[in-house]
Amino acid sequence: MSSKPETASADTGLEGIIIARTQKSKVDGLIGKLQYHGYNVFDLAPKASFEEVAYLLWYNKLPNQSELDGLKASLRLDRQLRPEIIELMKVLPRTAHPMAVLRTAVSALSAFDPDADDNGPEANLKKAHRLTAVIPTIIATWERIRIDKPILFPQKTLDHTENFLFMINGAEPDETAVKALESYLVLLADHGMNASTFSSRVTTSTLSDMYSAVTTAIGTLKGPAHGGANQKAMETFREIGSPENVDAWFEGAIANKRRIAGIGHRVYKTMDPRATVLREDAKALSLTNGGSKWFDIAERLEQKTREHPYFIERNLYPNVDYFSAIVLYELGIPDDQFTPLFAMSRVIGWTAHIMEQWENNRLIRPRAEYVGPEDQPWLPLEERG
Ligand SMILES: CC(C)(COP(=O)(O)OP(=O)(O)OC[C@H]1O[C@@H](n2cnc3c(N)ncnc32)[C@H](O)[C@@H]1OP(=O)(O)O)[C@@H](O)C(=O)NCCC(=O)NCCS
């Protein structure tokens, strides 16, 4: 006989379950509205810098000029990657997925941080700065290592976003590229109790350290149902190949019940507001680059889904990963580096939530409904079939 259910929520993927109170971000999935501590992302994306949003999420207020200057200076100081970590990355196979490399490097960094196991508020804030500053260096360093190009060191004269583009591409970026990436980084910084933020809070709730919690979060983000969807979306656009192929490809996807990466969301039952902004950014960048084939494919495919009863009935709209794939492609980012760039933004949300969890922690420990057999008699090895 099976056990009685212990809760009513087994198999629901915790849909609708509130596991924390937060001041960081509010997601309204019915009207498609996202706010960070009360500020609408429609205002933040075109106006705020990445550093301003980091300050907002960490300190629950927008910085004044001197607070912003102080944060920028702190992040600049923490960008340098330790030579031991660079050596560690060099021994990894060049075929390793950049998310696996990022997860490994972040985990290894804890061994060198004297504050790694100090979970007090000041040490945690320092670690949030360090992780946010160094993750772009890890991403860019891995890119340079795997394509056999000289590693470029961080530039103290450049802000966060510009410096990253410089380190990965080897040239000072133009203003359009910086603006587009900044908007992307602002839009992805936090998003309620998404899966990777949840996993970072679970790790923190055991009184484990910030490096462990961020490493957990990177592992969770990697999956294609979460942050890995941006790479998968680009792979889908490549598979389609040209705008003329969209209709036939879509019919095949419907016939084979294929999921389309970058479509659908647990919370949004309407257009994801981040996708609204990213669509415009993707369009502008495509036109600036003199060709909009990938954007045209994405837009045509979206149109097909919007006209099809299957997608209409289920309220399936493009999510953040759909048009951001085109933005990142147009910025010259390789497909498998898309998810690391998601992590480069979300690290401020993760660390903000980790610090918030510490403010009012209780072990996060749900239950499972046991559905296996009970009270089985022990069978000696020689009697087992
Ligand atoms: C995001 C996602 C995991 C949300 O999952 P969820 O809330 O558990 O929703 P479900 O998987 O229960 O899907 C609900 C229904 O919509 C369908 N559906 C969801 N996403 C779909 C997609 N991208 N393409 C086609 N059908 C989809 C499901 O098949 C299901 O249909 P059913 O009711 O007939 O079984 C899901 O939409 C998905 O896999 N999207 C693609 C991956 C992606 O873009 N992830 C990034 C999210 S930001």
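Fair warning: this is a prediction, and the values are worked out from it, not measured in the lab. (Residues numbered from 1 in each chain as written. Predicted model: local features only at pLDDT ≥ 70, side-chain atom pairs only at ≥ 80, totals over all residues. Heavy atoms only, no water.)

S.K.: Could you give an account of the site of the ligand, naming the residues involved and the relevant values?
M.R.: For the ligand, the set of nearby residues contains 19 residues, the closest of which are Arg259, Ile260, Gly262, Ile263 and Arg266. Within the contact set of the ligand, an oxygen atom lies 2.8 Å away from a backbone nitrogen or oxygen of Gly262. Contacts to the ligand include Ile263, whose backbone N or O atom sits 2.8 Å from a nitrogen atom. Across the shell around the ligand, the residue classes break down as nine nonpolar, five polar and five charged. (Near = heavy atom within 4 Å. Polar contact = N/O pair within 3.5 Å; in protein donor to acceptor, adjacent residues only side chain to side chain. Nonpolar A, V, L, I, M, F, W, Y, C, P; charged D, E, K, R; others polar.)

S.K.: For the packing of aromatic side chains, give the residues involved together with the corresponding values.
M.R.: All chains considered together, the criterion is met by seven aromatic pairs. On the numbers, 6.0 Å between centres and 40° between planes, the contact of Phe295 with Phe323 is tilted. Here Phe295, found in helix 14 (residues 293-307), pairs with Phe323, found in helix 16 (residues 320-330); they are 28 residues apart in sequence, far enough to count as distant. A residue is classified by how much of its surface remains accessible, and Phe295, at 3% relative accessible area, is buried. Taking relative accessible area as the criterion, Phe323 reaches 0% and is therefore assigned buried. (Phe/Tyr/Trp six-rings, centres within 6.5 Å; stacked < 30°, edge-to-face > 60°. Helix = DSSP H or I, 4+ residues; strand = E, 2+ residues; numbered from the N terminus. Buried < 20%, exposed > 50% of the residue type's maximum accessible area, 1.4 Å probe, protein only.)

S.K.: I'd like to hear about the pattern of salt bridges, residue by residue, with values.
M.R.: For the structure shown, the criterion picks out 20 salt bridges. Among the ionic pairs, Asp43 bridges to Lys47, the shortest N-O distance being 3.8 Å. With Asp43 and Lys47 both in helix 1 (residues 41-47) and four residues apart, the pair spans about one turn of that helix. Among the residues examined, Asp43 registers a relative accessible area of 43% and is labelled partly exposed. (Salt bridge = Lys/Arg side-chain N within 4 Å of Asp/Glu carboxyl O.)

S.K.: A description of unusual backbone geometry should follow, citing residues and the corresponding values.
M.R.: Leaving glycine out, the prevailing phi sign among residues is negative, and the prevailing peptide bond configuration is trans. Located in the positive-phi region is Leu207, a residue other than glycine, with phi close to 75°. By secondary structure assignment, the location of Leu207 is in the loop between helix 9 (195-205) and helix 10 (210-221). Positioned with a positive phi, Asp375 is a non-glycine residue whose angle comes to about 50°. Relative to the elements of secondary structure, Asp375 occurs in the segment after helix 17 (338-359).

S.K.: Pulling in residues and values, what's your account of the side chain of Arg144?
M.R.: Among the structural elements, Arg144 can be located in helix 6 (residues 121-146). Among buried Asp, Glu, Lys and Arg side chains, Arg144 stands out as unpaired, with Glu143 the closest opposite charge at 8.1 Å. Discounting residues that sit within four places of it in the chain, Arg144 has contacts with Lys149, Pro150, Ile151, Leu152, Met167, Ile168, Asn169 and Gly170. (Lys, Arg positive; Asp, Glu negative; His and termini not counted. Contact = heavy atoms within 4.5 Å.)

S.K.: An account of the environment of Lys283 is requested, with residue identities and associated values reported.
M.R.: Examined against the element boundaries, Lys283 turns out to sit in helix 13 (residues 273-288). Its relative accessible area of 36% is what places Lys283 among the partly exposed residues.

S.K.: Could you give an account of the packing of helix 6 against helix 17, naming the residues involved and the relevant values?
M.R.: Following both chains from N to C, one finds helix 6 and helix 17 inclined at 170°, their axes separated by 9 Å at the closest point. Compared by their axis directions, helix 6 and helix 17 come out roughly antiparallel. Seen from helix 6, the contacting residues are Asn124, Leu125, Ala128, Leu131, Thr132, Ile135, Pro136 and Ile139; seen from helix 17, they are Pro340, Leu341, Met344, Val347, Ile348, Thr351, Met355 and Trp358. (Axes fitted to C-alpha atoms, helices over the stretch in contact; angles between N-to-C directions. Parallel < 35°, antiparallel > 145°, perpendicular 65-115°, else oblique.)

S.K.: Report on the domain arrangement of the protein chain, specifying residues and quantitative values.
M.R.: Domain parsing of the protein chain yields domain 1 (39-223 + 335-359) and domain 2 (229-330). For domain 1 and domain 2, the distance between their C-alpha centroids amounts to 27 Å. Every contact between the two is made by 19 residues of domain 1 and, on the other side, 21 residues of domain 2. Between domain 1 and domain 2 the total buried area reaches about 1700 Å² when both faces are included, carbon and sulfur atoms providing 68% of it. For the interface between domain 1 and domain 2, the tally reads one salt bridge. Here Asp335 makes a salt bridge to Arg238, at a shortest N to O gap of 2.7 Å. The interface formed by domain 1 and domain 2 contains six residue pairs in polar contact (both at pLDDT 80 or more). Among the secondary structure elements, those contributing two or more residues to the side of domain 1 that touches domain 2 are helix 1, helix 8 (175-187) and helix 17. Tallying contributions element by element places helix 8 first for the side of domain 1 that touches domain 2, with six residues. Its residues assigned to classes, the side of domain 1 that touches domain 2 shows 10 nonpolar, six polar and three charged. (Domains from an automatic or database assignment. Buried area = accessible area lost by both parts, 1.4 Å probe.)

S.K.: Can you break down the sheet that holds strand 2 (residues 33-36) residue by residue, with the values?
M.R.: Spatial ordering of the open sheet is given by 1-2-3, a layout of three strands whose pairing is antiparallel. Lying at the two open borders of the sheet, with one neighbouring strand each, are strand 1 (25-28) and strand 3 (39-40). One ladder, built from four bridges, connects strand 1 with strand 2; its direction is antiparallel. When the sheet's bridge partners are listed, Asp28 is paired in strand 2 with Lys33. (Pairing = 2+ DSSP bridges.)

S.K.: Hey, could you go over the environment of Ile364 for me, with residue numbers and the actual values?
M.R.: Mapped onto the elements, Ile364 comes out in the segment after helix 17. Relative accessible area serves as the criterion here: at 18%, Ile364 is assigned to the buried category. When sequence neighbours within four positions are dropped, the list of residues in contact with Ile364 reads Ile19, Phe198, Arg201, Val202, Ser205 and Gln357.

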